[in-house]
There are 8 protein chains.
Amino acid sequence: MREILDLIKKGKVTIDEAVDLFRNFGYEELGYAKVDHHRSLRTGYPEVIFGQNKLPEHITGIVELMLRHDNNILVTRTIEEVFNQIKIIAPDAEFHKMARAITIRKKDFKKTDTHIALVSAGTSDLAVCEEAAVTAEIFDNEVKRYYDVGVAGIHRFYSKIDDIRKARVVIVVAGMEGALPSIVGGMVDKPVIAVPTSVGYGANFNGLSALLGMLTSCASGVSVVNIDNGFGAGYLASMINKL
Amino acid sequence: MREILDLIKKGKVTIDEAVDLFRNFGYEELGYAKVDHHRSLRTGYPEVIFGQNKLPEHITGIVELMLRHDNNILVTRTIEEVFNQIKIIAPDAEFHKMARAITIRKKDFKKTDTHIALVSAGTSDLAVCEEAAVTAEIFDNEVKRYYDVGVAGIHRFYSKIDDIRKARVVIVVAGMEGALPSIVGGMVDKPVIAVPTSVGYGANFNGLSALLGMLTSCASGVSVVNIDNGFGAGYLASMINKL
Amino acid sequence: MREILDLIKKGKVTIDEAVDLFRNFGYEELGYAKVDHHRSLRTGYPEVIFGQNKLPEHITGIVELMLRHDNNILVTRTIEEVFNQIKIIAPDAEFHKMARAITIRKKDFKKTDTHIALVSAGTSDLAVCEEAAVTAEIFDNEVKRYYDVGVAGIHRFYSKIDDIRKARVVIVVAGMEGALPSIVGGMVDKPVIAVPTSVGYGANFNGLSALLGMLTSCASGVSVVNIDNGFGAGYLASMINKL
Amino acid sequence: MREILDLIKKGKVTIDEAVDLFRNFGYEELGYAKVDHHRSLRTGYPEVIFGQNKLPEHITGIVELMLRHDNNILVTRTIEEVFNQIKIIAPDAEFHKMARAITIRKKDFKKTDTHIALVSAGTSDLAVCEEAAVTAEIFDNEVKRYYDVGVAGIHRFYSKIDDIRKARVVIVVAGMEGALPSIVGGMVDKPVIAVPTSVGYGANFNGLSALLGMLTSCASGVSVVNIDNGFGAGYLASMINKL
Amino acid sequence: MREILDLIKKGKVTIDEAVDLFRNFGYEELGYAKVDHHRSLRTGYPEVIFGQNKLPEHITGIVELMLRHDNNILVTRTIEEVFNQIKIIAPDAEFHKMARAITIRKKDFKKTDTHIALVSAGTSDLAVCEEAAVTAEIFDNEVKRYYDVGVAGIHRFYSKIDDIRKARVVIVVAGMEGALPSIVGGMVDKPVIAVPTSVGYGANFNGLSALLGMLTSCASGVSVVNIDNGFGAGYLASMINKL
Amino acid sequence: MREILDLIKKGKVTIDEAVDLFRNFGYEELGYAKVDHHRSLRTGYPEVIFGQNKLPEHITGIVELMLRHDNNILVTRTIEEVFNQIKIIAPDAEFHKMARAITIRKKDFKKTDTHIALVSAGTSDLAVCEEAAVTAEIFDNEVKRYYDVGVAGIHRFYSKIDDIRKARVVIVVAGMEGALPSIVGGMVDKPVIAVPTSVGYGANFNGLSALLGMLTSCASGVSVVNIDNGFGAGYLASMINKL
Amino acid sequence: MREILDLIKKGKVTIDEAVDLFRNFGYEELGYAKVDHHRSLRTGYPEVIFGQNKLPEHITGIVELMLRHDNNILVTRTIEEVFNQIKIIAPDAEFHKMARAITIRKKDFKKTDTHIALVSAGTSDLAVCEEAAVTAEIFDNEVKRYYDVGVAGIHRFYSKIDDIRKARVVIVVAGMEGALPSIVGGMVDKPVIAVPTSVGYGANFNGLSALLGMLTSCASGVSVVNIDNGFGAGYLASMINKL
Amino acid sequence: MREILDLIKKGKVTIDEAVDLFRNFGYEELGYAKVDHHRSLRTGYPEVIFGQNKLPEHITGIVELMLRHDNNILVTRTIEEVFNQIKIIAPDAEFHKMARAITIRKKDFKKTDTHIALVSAGTSDLAVCEEAAVTAEIFDNEVKRYYDVGVAGIHRFYSKIDDIRKARVVIVVAGMEGALPSIVGGMVDKPVIAVPTSVGYGANFNGLSALLGMLTSCASGVSVVNIDNGFGAGYLASMINKL
């Protein structure tokens, strides 16, 4: 803001121009969307598109616009059909089938020194786990995966505990009763990001049981993101890992 | 039924009398209640009064009637005021303050050889725990208590695991996220009766989080009773312990 | 644990080896899953795979691994397509269409002396019932079925009551208002495992009405498993039947 | 309406007067309330005041106005304090403590030939039951009470079944799992009005479990009124009994 | 029961035979179902099959059995495919497309003198309405339909009010906010059976808004059946109409 | 009403005819629907058909009837297939694909001087937005669209604030947490109509999170319509814009 | 904003001062609160304090600060005790007992030419109604009250319909099933602001039934504010009335 | 663990002693509680007691035990009465009235270089805010408070934005619609811990609206703790601040 104010003072822009400048900086109008480079321009962060409920041609259009800025790009909640369209304009795009995500890497991968531990309760949570992993990785974090170590056979978790403790931040993905974050939070002195999944049936009520269980966790250091929100967990973990 | 049919055949009762007999056996009319000796008469089980929402004089009236049968008596969800009235007609009555229960023991305590393990997650669940314990004990079971061993400091639980495995059936009482039964169910090869409690706040929603968590437990051998239903857990555990 | 500690004392393993042993015993890493033989190895129990949300090739892979141990195997919530793959590696596999389950019997069926009664309210609950039955049977229990005896025509239930009373434990499966477990619990002096089903419409809310009804049952000796959880009921019933 | 139209035709009222007549007939303005004699004037029905959330002086004011019409009067959901005020202006008023209701009988009790059966599951539902009974009685119905015959000791119900079948309509009051209306509906060929009560705890959720249970009842001929709505059940039963 | 007892007295059946008789009368075993002729045999009522969740061949099997008794038959929640199978064994079967029901009339239609008014709020509730109508008609009631008279254009309802008042009992079907039964209940002195439908979107939550609205109706004489339960309303209305 | 009363007085209609007139004016019977011209006739408003759950031939039939009155016509929640049928009888009909609506304009578009601002949080809410826009436009309002200006990049909204303030009434459409109406309501001194959408996943619970968020908005001047109810918002905005 | 930019250009403020000006204008810091005169300063609107959950001394402190600006003041959700403190610093303050509100009028009441109709379903909704009325009046609107005209005796409403139609905007307050706004919306061509109240019991679930009913209203022109939010309705009605 | 294993190897402890050591280290048995020094011993963290639902004498007993370890102590959810008891054994204890917390500082306050920003939406959330602040402070963090900057007057928030961006982690406390974390998350590139509060009424449903709003926030970098869980937020913020 100071820059713009400075321009006014120096008489380089009129007041009307200044008012316009205040208004239009930070995004590009695309008709069906206002593409926001605000954060990525300033920070070099990847640009992200939430693919669900968006038309394939809209996603492609947004990607096309983003490609001009040479940032990494991440498309989440998407399908192979979209990937095929994007490959045409971005041949180096990669499709992560399990994660339902597309990444386009424009900058070299400079892995963080510290890493993120990604812990999952069962094998049915893989899609959510991989969405978190792919997100964290396109943001240049090292991610270590510990899958299928849920509370029903908790000795599998204990065999990995020393490794997990070495991470800077831990993502725990679990469906059903969502008990695993309580266990992890009680044994690891690091921030725990809990991701409830909609995996389960009956009294699971589409993830409600896991969500409520994680929110009422009696372990400290645990916070929760939306049901199935692997991206949110990966993004937040990256933020904490890079502090 | 056969006995009554037999009496008819032998002509000892008329058909009308038989119809009456079919109808009235098993309970006594008290105006405000039909006291049911059905099960206790046959099995020697204690007689039980659910005290909540009952007037003190009604409870006392029912107890008076029951005293004639020389069975043990249990009053749950009750208060000291009721106890004071009952002591007059049953001087050997005992008040269990923490469990909010009254017991009257008419028969010697013949402890079972096998025992029930009673495991609780925190110190705030004590009322529900003790209701379960007092119930199981008036039904002549030996009960071993393992309190305050919840998942936030799960090493406290592990230090007791060998003992708990020796029980014939395990009651697990927990509020908040209700994760403990999953842990117990995963490590102990015995039937686990899970009791969610309404202890907690916020997203606990009066026990809903613990209830859903226990119902969706990924451990096998776990079943659930109503929120705060210590009596139900104690009764069922006694049934299983005596099989 | 003592065994491993013993090995250390005798100097047969180094401390590092011991730490490793503590960690890795009990499961096999399969990439997409950690297969847990922990319980089955020790107890001779069948090995169980929850099929829902698992890829067919993953299920087949896990079965392949399990076949090496000569235990009985149970796959639940699965489909014919998976069965066709498994038949190739396990020609003696059986598909239980109604129960949506696959069993592979490696050990002779030694039926228990006592049996489990399986009572259902209606004809629409059959899938859940049969999942419970197939589970209990692969765990070597005798199961007696009493189907379609719900409260709307309760005389059908009463005609079977003497038989049902002879069981060691009773599973009651019901949808809609879920009233049947209360009736059974009031008339049978055995542990009752209530299974709410999602059968119904409107205010049934996917099994919620049956679930809440069973949890608040005024009969004693009743506990509840998750909606449609036939496997859980069969497993627990087996546990109690074999005590 | 025809009467008013007739008056217009005959020129006895102007159009403006007619419009006014259309508007104002049927109630009296009291400032804080519009007292509606509409139905009672035409049918000789008692006049009813729902007492909850009304100021005592307002209730007394409404009663005073109603007394001019010599109909029976019923005040529901009220307390002794209100009764004491009303006794001053209506010395023959009666207070039904258990039902929390006041009645003023201005017309002789002409009992119906047929009667209403009032069945309750437990002793804790008495307030709701008595509200239904007092309502039906001030509407000149004979009411037969069958209390404490719930499903946990269902033989108590069966001993009364022949009597209950003689009623013209059956009210069934139950809390907890609300299973009794299903039993009654399955055995009695009469309309069953089910009243869920908020009696219970835990997963009862203030009557929700009983409400959902009754709505999803698999027995035919059962309909449901609001939780604890004894008045509504008594009123509807009276309507059906007098058809 | 008296009949059987009589046979015993007269020595015509042994006690064992009597016990059997008590058990087996009233239904026929079909393997997958226990067909209950109990009520229809005694009362001449039609026999009813709830078609949802039943296999076509099971429905046909049950119908085949029922055909022997020459009662009218009603199959609800069914589809054309089932009808085609049934037509083979019952050429006079009729399919009611809108009501999704099959009827087989074996007895002449003796219409009741009094009739049932069937009122619906909108045109989207027709399936539920017709299920109620077809049910009431196969039970030999005259039904008068008043469709699409909801509260948004309430003058359409008022134009029919005099006719509706002539019915003996009124069924009101409504989705969305379910306000129509309150209006009807306030203007018609007859029992009102309210049927909430799942028609709507958003905050309708599959019929919840209409259900709660009807349950809390401030009009008297209104009771409620399950969401979309046209059959239940038609059956109960028939019961009341024939009292 | 006065007109009809006047006719009676003048003897031009009999009383019976008057009663009939009272009843039948305002709608036309179509068998499957009562088409209500009441409001449109008097006000010149467009006639509206809610297309969801209606058969294509019914919609066409209603449109045919309406075409006689030369009012504009709006069909909401409909599909291309219906449009193709309607084009045959109304060649000037227009299909709004994104809005899932059909309009038939019979009167010239006289745009209002004042306008409605239509603000949306994201690109996934477009269907609901366009339903609101099309509705407001067929009611002759000028609508200005401000799409994709949600709180995650709130600077996009601020760049438009001066324009939005010039509207007479503001519609705000948002899914997920539904926070945008609070922001708008806090910064714009005009009535804000908030439309929650079902866009989202997990704890969104089909629009519940947005709905509750908007209802509890701490900004003044905000009111809420049903989830996804673009039509309702457009209609109400038109009403306010034309006051 | 332009004013501040202008000052910069003219060199009257430095850039740092400008940044500060941008930040601090519009509220006063009070330690426990940031009192916002933003809107009232510009528009002459009354200043409003939401009293619930605020300490009496805090409310008094905020009022004291506001008194300096000579605007009208409104305190909602408050109690007599607070009023007594405020009277000391503002002797002309008025307490509206039924509305639980305090008003301080500093400017003459210039009633609007048009008026707001305030319609309520029952006598138990008075507190919410009066909160709406007092709010609208301190904002200088004329308010006409139509109380106790709910759907159970809908003729009371019809007798007032011509008057209500003369209002510019209508507030409708209703508890229980919340059906009245649908009726009003169907008969009055003005914006209807619906206020659900928490008055009721049982399936009312603290206002949920009325809330859902109003949201799913099939009448057009109806929007909804939070349960019991009389202030919100009065504020919005004032906004619309003054357009 | 290695230490204990080492002792075995060296023969300094027998295997039985080792098993005991494994079990008992980390907590002290107090009869009513197992006091866990596990984490605080190792890390020098303060010891924490969750005061709600605990008897005063129990809290005092636990504090007494903890005092021996010279760590800082924090008691949350407590009352003045408890403080008075604790002051006797810990004269330097401090009571934080607004936060309902007691702190005992045994170690000097070594403030962190980086700090935590604590942002709240309104003045009614102060108790939750202060619980978070007191927690973070006893864990030796610098906390900067920004209170009463909610979305209804969002310019108050913007005036503080530059300061808030300097924090290492941001706690945002909000009730009602819980929109503030979305705004903060969209403008601040730091981890945001969102705390929903139960402040509100009506559709707030005890914090549900804020909770769901925060979980579905469309801003990245936001995670959520339980409703009113100020402690949890303070603890997690401390963890992140010290990474």
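Things to note about the sheet that holds strand β3 (residues 47-50) of chain H
Residues and elements named next belong to chain H.
Right, on to step 1. Strand order in the open sheet formed by four strands is β3-β4-β6-β5, and the pairing between neighbours is mixed. In this open sheet, the two strands that pair with only one neighbour each are β3 and β5 (94-96). Strand-to-strand twist across the sheet, computed as the mean angle between neighbouring axes with direction ignored, equals 15°.
Right, on to step 2. Relative to strand β4 (residues 73-76), β3 runs parallel, the two being bridged by four bridges. The residue bridging E47 from the neighbouring strand is I73, located in β4.

Some details on the packing of aromatic side chains
In this description, a pair of aromatic rings is defined by centroid distance and the angle of the planes.
Right, on to step 1. For the structure on display, the rule yields 32 aromatic pairs over all chains.
Right, on to step 2. Measuring from ring centre to ring centre gives 5.8 Å for F231 of chain B and Y235 of chain B, while their planes differ by 50°; the resulting arrangement is tilted. Of this pair, F231 of chain B and Y235 of chain B both sit in helix α11 (residues 230-241), four residues apart, which is roughly one turn of that helix.
Right, on to step 3. You can call Y235 of chain B buried: its relative accessible area is 5%.
Right, on to step 4. One aromatic cluster is present, formed by F139, F231 and Y235 of chain A through successive ring pairs.
Right, on to step 5. In this arrangement the basic side chain of R77 of chain B is found over the ring face of Y201 of chain D, its NZ or CZ atom lying 4.2 Å from the centre.

Quick word on the relation of the copies chain D and chain E
Right, on to step 1. It takes a turn of 180° to lay chain D on chain E, together with a shift of 0.0 Å along the axis; the resulting RMSD is 0.1 Å. Interpreted geometrically, this transformation is the action of a two-fold axis. Relative to the rotation axis, the closest C-alpha in chain D is found at V224 of chain D, a distance of 2.5 Å.
Right, on to step 2. The share of interface residues of chain D whose copies in chain E are also at the interface is 100%, consistent with both copies meeting through the same surface.

Details of the interface of chain D and chain E
Right, on to step 1. Opposite the 27 residues of chain D that make contact, chain E presents 27 residues.
Right, on to step 2. Note on chain D versus chain E: buried area summed over both sides is about 2,400 Å², and carbon and sulfur give 59% of it.
Right, on to step 3. Inspection of the region where chain D meets chain E yields zero salt bridges.
Right, on to step 4. Across the chain D-chain E interface, the total number found is four residue pairs in polar contact (both at pLDDT 80 or more).
Right, on to step 5. Those elements giving two or more residues to the side of chain D that touches chain E turn out to be α3 (38-43), α9 (180-187), α10 (208-215), β11 (222-224) and α11 (230-241) of chain D.
Right, on to step 6. Across the side of chain D that touches chain E, the residue classes break down as 14 nonpolar, eight polar and five charged.

Some words on the domain arrangement of chain A
Residue and element names in this part refer to chain A.
Right, on to step 1. As assigned here, chain A comprises domain 1 (2-104) and domain 2 (115-241).
Right, on to step 2. Tallying the contact residues gives 16 residues for domain 1 and 13 residues for domain 2.
Right, on to step 3. Carbon and sulfur atoms make up 69% of the area that domain 1 and domain 2 hide from each other, which totals about 1,200 Å².
Right, on to step 4. Per-residue buried area on domain 1 facing domain 2 is highest for R77, M98 and A99; these three make up 33% of the total on that side.

The rules behind the values
Residues numbered from 1 in each chain as written. Chains lettered and ligands numbered in written order. Predicted model: local features only at pLDDT ≥ 70, side-chain atom pairs only at ≥ 80, totals over all residues. Heavy atoms only, no water. Pairing = 2+ DSSP bridges. Helix = DSSP H or I, 4+ residues; strand = E, 2+ residues; numbered from the N terminus. Axes fitted to C-alpha atoms, helices over the stretch in contact; angles between N-to-C directions. Phe/Tyr/Trp six-rings, centres within 6.5 Å; stacked < 30°, edge-to-face > 60°. Buried < 20%, exposed > 50% of the residue type's maximum accessible area, 1.4 Å probe, protein only. Lys NZ or Arg CZ within 6 Å of the ring centre and 35° of its normal. Least-squares fit on C-alpha atoms with pLDDT ≥ 70 in both. Contact = heavy atoms within 4.5 Å. Buried area = accessible area lost by both parts, 1.4 Å probe. Salt bridge = Lys/Arg side-chain N within 4 Å of Asp/Glu carboxyl O. Polar contact = N/O pair within 3.5 Å; in protein donor to acceptor, adjacent residues only side chain to side chain. Nonpolar A, V, L, I, M, F, W, Y, C, P; charged D, E, K, R; others polar. Domains from an automatic or database assignment.

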